Amino acid sequence: EAGVTQFPSHSVIEKGQTVTLRCDPISGHDNLYWYRRVMGKEIKFLLHFVKESKQDESGMPNNRFLAERTGGTYSTLKVQPAELEDSGVYFCASSHGETQYFGPGTRLLVL
Amino acid sequence: AQSVTQLDSHVSVSEGTPVLLRCNYSSSYSPSLFWYVQHPNKGLQLLLKYTSAATLVKGINGFEAEFKKSETSFHLTKPSAHMSDAAEYFCVVSDNSGGSYIPTFGRGTSLIVHP
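Residues numbered from 1 in each chain as written. Chains lettered and ligands numbered in written order. Predicted model: local features only at pLDDT ≥ 70, side-chain atom pairs only at ≥ 80, totals over all residues. Heavy atoms only, no water.

1. Regarding the side chain of Ser 87 of chain A
All names here are of chain A. As a reminder, the rule being used: Only DSSP runs of H or I covering at least 4 residues are called helices, and only runs of E covering at least 2 are called strands; the numbering of each starts at the N terminus. Here a polar contact means two N or O atoms within 3.5 Å. Within protein one must be a hydrogen donor candidate and the other an acceptor candidate, and residues neighboring in sequence count only if both atoms are side-chain atoms. Here, residues are in contact when the closest pair of their heavy atoms is within 4.5 Å.
Its place among the elements puts Ser 87 in the loop between β8 (75-79) and β9 (88-95). Side-chain polar atoms of Ser 87 contact the backbone nitrogen of Val 110, separated by 2.8 Å. Look past the residues within four positions of Ser 87 in its chain and what remains in contact with it is Val 38, Leu 108, Leu 109 and Val 110.

2. Observations concerning the side chain of His 29 of chain A
All names here are of chain A. To keep it simple, the criterion reads: Think of it in three bands: with a 1.4 Å probe and only protein chains considered, a residue is buried below 20% of the maximum accessible area for its type, exposed above 50%, and partly exposed in between.
Its place among the elements puts His 29 in the loop between β3 (19-24) and β4 (31-37). According to the relative accessible area criterion, His 29 is buried, its value standing at 11%. A distance of 3.3 Å separates a polar side-chain atom of His 29 from the backbone nitrogen of Ser 95.

3. As for the packing of aromatic side chains
Basically, it comes down to this: Classification of ring pairs rests on two measures: the distance between centres of Phe, Tyr or Trp rings, Trp counted by its six-membered ring, which must be within 6.5 Å, and the angle between planes, read as stacked under 30 degrees, edge-to-face over 60 and tilted in between. Lysine and arginine charges are scored as sitting over a ring when NZ or CZ, respectively, is within 6 Å of the ring centre and within 35 degrees of the ring normal.
For the coordinates displayed, the defined rule picks out 13 aromatic pairs over all chains. Taking the centre distance of 5.1 Å and the plane angle of 80 degrees together, the rings of Phe 102 of chain A and Tyr 36 of chain B count as edge-to-face. One end of the pair, Phe 102 of chain A, is in strand β10 (residues 101-102); the other, Tyr 36 of chain B, is in strand β5 (residues 32-38), on a second chain. Ring centres of Tyr 25 of chain B and Phe 67 of chain B lie 5.7 Å apart, and the angle between their planes is 25 degrees; this geometry places the pair in the stacked category. Residue Tyr 25 of chain B is located in strand β4 (residues 23-27), and its partner Phe 67 of chain B is located in strand β8 (residues 64-68); the two are separated by 42 residues in the primary sequence. Each member of the pair, Tyr 25 of chain B as well as Phe 67 of chain B, is classed as buried. Joined through ring pairs, the aromatic side chains of Tyr 33, Tyr 35, Phe 45 and Phe 102 of chain A together with Phe 34, Tyr 36, Phe 90 and Phe 105 of chain B make up one cluster. The ring of Tyr 74 of chain A has Arg 22 of chain A lying over it, and the distance from NZ or CZ to the ring centre is 3.7 Å.

4. Some words on a nonpolar patch on the surface
Residues and elements named next belong to chain A. Basically, it comes down to this: The patches reported here contain residues having more than 30% relative accessible area and no salt bridge. Joining distances are 9 Å for like charges and 5 Å for nonpolar side chains (Val, Leu, Ile, Met, Phe, Trp, Tyr). Calculation of accessible area relied on Shrake-Rupley with a 1.4 Å probe; when residues are assessed, cover is drawn exclusively from the protein chains displayed. Every case where a carboxyl oxygen of Asp or Glu lies within 4 Å of a side-chain nitrogen of Lys or Arg is listed as a salt bridge.
A grouping of Val 12, Leu 109 and Leu 111 is seen on the molecular surface, where their side chains present a nonpolar patch of about 290 Å² in accessible area. With respect to the helices and strands, Leu 109 occurs in strand β11 (residues 106-110). Owing to a relative accessible area of 40%, Leu 109 belongs among the partly exposed residues under this scheme.

5. Describing the pairing of strand β9 (residues 73-78) of chain B
All names here are of chain B. Where we set the bar: What makes two strands pair is DSSP finding at least two bridges between them.
Both strand β3 (residues 19-21) and β9 contribute to a ladder of three bridges, which runs antiparallel. Within β9, the position partnered with Leu 20 by the bridge is Thr 77. Where β8 lies against β9, five bridges are found, and the strand directions are antiparallel. What sits directly across from Glu 66, in β9, is His 75. In this structure, the hairpin formed by β8 and β9 is closed by a connection of four residues, where Thr 72 is found at a positive phi of approximately 45 degrees.

Next up, the structure:
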């Protein structure tokens, strides 16, 4: 069974540009989560989808971040416009129940 | 509210010696607790989880953890370290407060294994 996949693995952009991260969850997992780890800090929750609906987006830092999950399958996280402090590793996870399975992350560097 | 504290940012051991990675938690509910491992440039891999069954939980790669409610601890151990255990380890608590399993992560402990 394929695990959670994320694309791209790395992204380097300039401040003010737009970046879109993609997450493909494990097939059949209704729950999809986004997390972020800023350098030297702990992994922080961003938001949670149940199928295509946002269940909890309390962790989204501001309105420059937009997450979608059309059709309840893959999800995208768009940052527009990107700022320096958005640099970090963005993880996606999916679950059927309580245990979450993580993707390898997207390493974003904003210059 | 829930929180988790990993008491050591780095732990250094020699190959073949025991590993102890410490984790303390707080939770207003009956928590579920997890340990994840992240090898360089890889995703987080679930090592083991506690969900109110047996307090001694066995995981993959010879790791185990003991849930101690009186001490609010969930320390990760392994009898004999291997070079391939070198990675970053995360203790995670989740207590279904608010109706969803949104976990809280510790800051991570980097395990260094010397030959």
